[in-house]
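# A look at the structure
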Amino acid sequence: MADTPAQAAGPAKTCPSSACREGALLLGVMTSAGTLAYLNPPVPVDAEFAARETERGRPERRYRFAGPCLEGGCPQWTGGGCAIADMAADPVHLGLPASPRKLPPARSGTPAAGTSSAGRPPARSAR
Ligand code: SF4
């Protein structure tokens, strides 16, 4: 059986910084300490939640959502991938030295630079 055009294009890309809308996945909640508490598993956003949180204003400041990558409909799309993903993969954009040998030592109880105990990478990036 032949693939549909969507199947031929491969699996859909997921944006880990999507807008709050029905059908998105709620990945995490921003804590008062300014860190993101991830939900496991992520929770699907329904119309009521999206409407209520949008009414409160800028839900993306309080939550992290995942949804389909908009590709050409997003200013971060480079034509072949996501500029955000490229920046995240480049240690210079993370404020880290280019060589892993130059990473500062981790302090006791503190994750080493370039790691995070709170953050997890998205299941799939849009690259
Ligand atoms: S290009 Fe990047 S930021 Fe834009 S929708 Fe796709 S994954 Fe998200």
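Read on for an overview of the structure.

How each quantity is defined
Counting of residues starts from 1 at the beginning of each chain's written sequence and follows it residue by residue. Thresholds applied to this predicted model are a pLDDT of at least 70 for local features of residues and 80 or more for the giving and counting of side-chain atom pairs; totals over whole chains, interfaces and linings are not thresholded and use all residues. Here a residue counts as buried when 20 or more other C-beta atoms sit within 10 Å of its C-beta, as exposed when there are 12 or fewer, and as partly exposed otherwise, the C-beta atoms being derived from the backbone. In DSSP terms, a helix is any run of H or I states spanning at least four residues, a strand is any run of E spanning at least two, and both are numbered starting from the N terminus. Only when DSSP finds a minimum of two bridges between them are two strands counted as paired. The term nonpolar core refers to a set of buried Ala, Val, Leu, Ile, Met, Phe, Trp, Tyr and Cys residues connected through C-beta atoms within 7 Å.

Counting buried positions along helix H2 (residues 47-56) yields zero of 10 residues, so the element is predominantly exposed. The positive-phi residue at the C-terminal boundary of H2 is Gly57, with phi of around 100°.

A few words on unusual backbone geometry. A cis amide bond links Asn40 to the next residue, Pro41, at an omega of 10°. In this structure, Pro41 sits in strand S3 (residues 36-44). Although it is not a glycine, Arg58 adopts a positive phi angle of roughly 45°. Tracing the chain through its elements places Arg58 in the loop between H2 and strand S4 (63-68). For Arg58, a count of 10 C-beta atoms within 10 Å gives the class exposed. For Glu71, which is not a glycine, the phi torsion comes out positive at approximately 45°. Relative to the helices and strands, Glu71 is located in the loop between S4 and helix H3 (83-89).

This part is about the pairing of S4. Here strand S1 (residues 14-18) runs beside S4; their pairing, made up of three bridges, is antiparallel. Counted as the bridge partner of Ser18 is Phe65 from S4. Here strand S2 (residues 25-30) runs beside S4; their pairing, made up of four bridges, is antiparallel. Bridging across to S4, Leu26 finds its partner in Phe65.

Bringing the nonpolar core into the picture now. Core analysis: the largest hydrophobic core is formed by 12 residues, namely Cys15, Cys20, Ala24, Leu26, Leu27, Val45, Tyr63, Phe65, Ala66, Cys69, Cys82 and Ala85. Where this core is concerned, the elements lending two or more residues are S2 and S4. The biggest single contributor to this core is S4, with three residues.

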